[in-house]
Amino acid sequence: MTDTAPRELPLQELSEVVIRFAGDSGDGMQLTGERFTSVSAVFGNDLSTLPEFPAEIRAPQGTLAGVSAFQVRISDFAISTPGDAPTVLVCMNPAALKAQLHHLAQGGAVIVNSDAFTERNLDKAGYKSNPLDDGSLVGYRLYPVPMAELTKTATAELGVKPRDAERSKNFFALGLISWMYSRPTEPTLQWVKDKFAGRELIVASNIAAFNAGYNFGETAEVFEAHYEIKPAQLPSGEYTNVNGNTALAWGCVAAGQLANLPVFLGSYPITPATDILHEMSKHKNFGVRTLQAEDEIAACGAALGAAYGGALAFTTTSGPGVALKGETIGLAISLELPMVIIDVQRGGPSTGLPTKPEAADLLMAMFGRHSESPMPIVAPQSPADCFDAAIEASRIALKYRTPVMLLSDGYLANSSEPWLLPDVATLPDISVDFATEYNGTNEDGEGIFLPYLRDPETLARPWAVPGTPNLMHRVGGIEKEDRTGNISYDPANHEKMIDLRAAKVAGVANDIPALVVHGDPDAELLVLGWGSTWGAIDAAINRATDNGYSVAYAHLRHLNPFPKNTGEVLANFRKVLIPEMNSGQLALLVRAKFLIDAKSLSKINGVPFTSGEILDAITDELGQK
Amino acid sequence: MTNVPTTTKKDWSTDQEVRWCPGCGDYSILTAVQMMMPDLGVTRENTVFVSGIGCAARFPYYMNTYGMHSIHGRSPAIATGLATARPDLDIWVVGGDGDMLSIGGNHLIHALRRNVNIKILMFNNMIYGLTKGQYSPTSEVGKITKSSPFGSVDAPFNPISLALGAGASFVARTHDMDRKHMTKVLRQAHEHDGSVFVEILQNCNVFNDGAWDKITKRANRDANLIDLSHGDPIQFGADNEFGVVVENAEAKVVNVADVGVDALLVHDEHREEPGLAFLLSRLSNRPVSPTPVGVFRSVNQPEYSAGVARQLVDAQAQNGPGDLAAMLRSAGTWTVD
């Protein structure tokens, strides 16, 4: 402890803050951001996060390409986005400052690790002169802090070598920001002890660095104030902080329980979907089987094989993987077997931007298979919503015996939010029955099994799994005769089967909630969204309403088929604006299907929409007030 | 295997018209399999035939079991998923040389290295039949076909070498001209716990007629078919006058009279190290000289679906059965009043 009496710094109350931690990819910025998030969650703030990292595990140190950042917004009110612009930017080196400064709000605080601003590092970042003293940061509040040196000093007496001490400097930064925003320290200290249990020197070093950062804020006469953000008034109940990939994995495990079926996942590692495979692989005590296949095609094939055997089957991937799975998905459509394909969309085409989000696989999900191969599409709208979306996709797949595409994206995958945990007893029962009996008779009056005899309501065919006596039958990709499933090249039968498969998928519309309009139903403008744009649109609508605009909003969870009332809803508005992280794919579908002059708001630069961008588009449509 | 009803070939056959060309070698393989099934002690409902695309891949339609005629090359992957999810089933995978070695080559080798409980029957006719006569990955260099009018320049695969190289725990070869031999090999394949690879030399009488004649025709078998028999010296010929020895790290054919029976290689299909089996697979690279048939390798290795199932049992023993409410709280929670 220091012998300096704590100064009486004013404690100011804030309603929210948006902080962006940025550093080299080896600097531990994701971990720092996640810890800050976790403590804030437990403290009771509402929050939303936006991690951003390069595709390289360790890009060259100190370069712009190697900058990794984590933005977190915490608030005392309910929020739906990680914030348009951070008000605090923590930079561990010059490259981070160079790469991230443009995000910072005017007048925002820049807290830098001044030790890293050496000539060499400045040069690597492309600075001709040191921004800390050349006046280029006028307009921001600059706080240079020698984080590396202070960390070394704090850990020296533990016997930590100076080079190793460098690795703890992110905990110094975390300590400093924890002081600045009055975060409880105990959960972080406990986390360090648990995480590095058995490596006592690392535990001691990280704790010393954290405390040094915290105490530095309190005692060094650098900062004018510190802040507190009171807990948000959220609905009462038990919360956890969850990101989209974890919520998806849990949703898949839960769907198996709700369907009373063993879960099978066939997957091949691909950014940003791999964490779903990681998470599902942990839950073997739920009977979850995971197979890391030799390639994307095999992953999908294995899932289809498992579905044929009576499992609730999933395959998880990103866009390039969906392209490879296309032929197998076509087979699943033809075999009319249930499975869920999860596409965590990323920038493309080809390898594109593997770690950046995009939502440009919608048309591939709709049409990316040869011939007429319709399949239902479901999209979650927030990280926690991924849980419900996984269950909904499974429900449709099982009930209608069809592959279903679930479109998440890299933003939902990695960003997190507090989730009011559901009572598991209230989750839907999605179980279905296997066929066990003959369902027809031959000309001699003997019982026979007709594998393509359909349920009159859902048009689903019976699911008779191997091992069921008497129901032996063959299925295949060749066109099947209606009812019997025997090979048929009959022209009329083919057209009938094409129509039946389409009608079955279209019929899902009878079984999904109607599209709900939020805001003013008599407004001139409807903003129509899908997927992860929900948060930014919701925030933009609130701001527009606060500014006196009258605007309506609807969000599509089901993209194929659309809810039955979609056309009716759209027809009620003179203008329809569709923000999408693509070049206008939903807009194209809506224009084609409903013959309305929907306007596309497109953003396709690997960064999610800000609410400001959507607000600007709304005011453009409605005129300045 | 309790209460397996007595069945006949007819019970294992479907009412579907078999649509291979008259005279195709596939007929004799189908007959051999349909006749063998009643003796295996298994039920039709627990048996599944999975295939890809090609002439051979029509096989499931003719078996009165569960079956899936899937897509080109993917049958080993689909069957792997089925076997992993349902270790209780008897799963056979049927395909041709194009299906298994060309478009499906990757799935084949990975299924074999995983040692998942599927029995892969690869009908090798060294030609693409269903697409009407292009060279296949087992066609010889110089093969003249519609897609290689000046002769193929592709070097072919040796399927047995490939399977052994992938670490397959059961590798065998038989041919469509000898039902007894086929049945013997397939029975042994069925008993094996793990992945099975059986190459069945098969005549395509339309696009590659007689391709195997030099070794499988009755008149040529004595001179050119070496029937491997576990525990015996490798000998062949009308009077067992030829034998196989290993010399300079190669398998070679010798006259027994020159070296004596004791110098011959004694076949050990259970040998862990696949090197000798590999040497045997290289004895003839083309079907014009003495070629081994029978079981090259049959070793015990951990079976994949059992390993997966064991992890589930262990996880339940360690953590108890899955508890959804607990899973959702596993990352820590807080309460808002």
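Residues numbered from 1 in each chain as written. Chains lettered and ligands numbered in written order. Predicted model: local features only at pLDDT ≥ 70, side-chain atom pairs only at ≥ 80, totals over all residues. Heavy atoms only, no water.

1. What to know about the domain arrangement of chain A
Here chain A is described as being made up of domain 1 (11–229), domain 2 (240–426), domain 3 (433–511) and domain 4 (518–621). Distance between the C-alpha centres of domain 1 of chain A and domain 3 of chain A: 60 Å. (Domains from an automatic or database assignment.)

2. Some remarks on the nonpolar core
Residues A:Met280, A:Phe314, A:Leu528, A:Leu586 and A:Ile618 are the most contacted members of the largest nonpolar core, which totals 177 residues. In contact with A:Phe314, not counting residues within four places along its chain, are A:Cys252, A:Ala255, A:Val263, A:Phe264, A:Leu265, A:Gly266, A:Met280, A:Ala303, A:Val340, A:Ile342 and A:Ser394. (Core = buried A, V, L, I, M, F, W, Y, C linked by side-chain atoms within 4.5 Å. Buried < 20%, exposed > 50% of the residue type's maximum accessible area, 1.4 Å probe, protein only. Contact = heavy atoms within 4.5 Å.)

3. Some words on empty space enclosed by the protein
Tallied over the full model, the rule gives eight cavities of 30 Å³ or more. Empty space within the largest cavity amounts to approximately 150 Å³. Across the lining of the largest cavity, the residue classes break down as seven nonpolar, six polar and three charged. (1 Å grid on protein atoms, 1.4 Å probe; cavity = no way out; pocket = protein on both sides within 12 Å on 5 of 7 lines; lining within 4 Å. Points joined across faces, edges and corners; volume = space filled by probe spheres on them. Nonpolar A, V, L, I, M, F, W, Y, C, P; charged D, E, K, R; others polar.)

4. Considering the packing of aromatic side chains
In this description, an aromatic ring pair is defined by two values, namely the gap between the centres and the angle between the planes. This structure, assessed with the given rule, holds 18 aromatic pairs over all chains. When the centroid spacing of 4.8 Å and the interplanar angle of 40° are considered together, the rings of A:Tyr143 and A:Phe223 count as tilted. Taken as a pair, A:Tyr143 in strand S7 (residues 141–145) and A:Phe223 in the loop between helix H8 (200–219) and strand S8 (226–229) lie far apart in primary sequence, 80 residues in all. Each member of the pair, A:Tyr143 as well as A:Phe223, is classed as buried. Residues B:Phe49 and B:Trp92 carry aromatic rings whose centres are separated by 6.0 Å and whose planes lie at 10° to one another, so their mutual orientation is stacked. Taken together, the positions of B:Phe49 in strand S1 (residues 47–51) and B:Trp92 in strand S3 (residues 90–96) put the pair 43 residues apart, joining distant regions of the chain. Of the residues examined, B:Phe49 reaches a relative accessible area of 0% and is grouped as buried. A network of ring pairs unites the aromatic residues B:Trp20, B:Tyr27, B:Phe49, B:Phe59, B:Tyr62, B:Trp92 and B:Phe123 as a single cluster. Above the face of the A:Tyr127 ring, A:Lys98 is positioned so that its terminal group lies 4.8 Å from the ring centre. The side chain of A:Arg183 reaches across the aromatic face of A:Phe43, ending 4.7 Å from its centre. (Phe/Tyr/Trp six-rings, centres within 6.5 Å; stacked < 30°, edge-to-face > 60°. Helix = DSSP H or I, 4+ residues; strand = E, 2+ residues; numbered from the N terminus. Lys NZ or Arg CZ within 6 Å of the ring centre and 35° of its normal.)

5. Let's talk about the packing of helix H6 (residues 169–180) of chain A against H8(A)
Packed helix pairs are characterised by how far apart their axes lie and by the angle those axes make with each other. Residues and elements named next belong to chain A. Where H6 contacts H8, the two axes come as close as 7 Å, and the packing angle between them is 40°. Taken together, the axes of H6 and H8 lie oblique to each other. The handedness of the crossing between H6 and H8 is right-handed. The segment H6 lies against H8, with Phe171, Phe172, Leu174, Gly175, Leu176, Ser178 and Trp179 engaging Asn206, Ala209, Phe210, Ala212, Gly213, Tyr214, Phe216, Gly217 and Glu218. When its residues are assigned to classes, the contact of H6 with H8 shows ten nonpolar, five polar and one charged. (Axes fitted to C-alpha atoms, helices over the stretch in contact; angles between N-to-C directions. Parallel < 35°, antiparallel > 145°, perpendicular 65-115°, else oblique. Left-handed = near helix turned anticlockwise from the far one by under 90°.)

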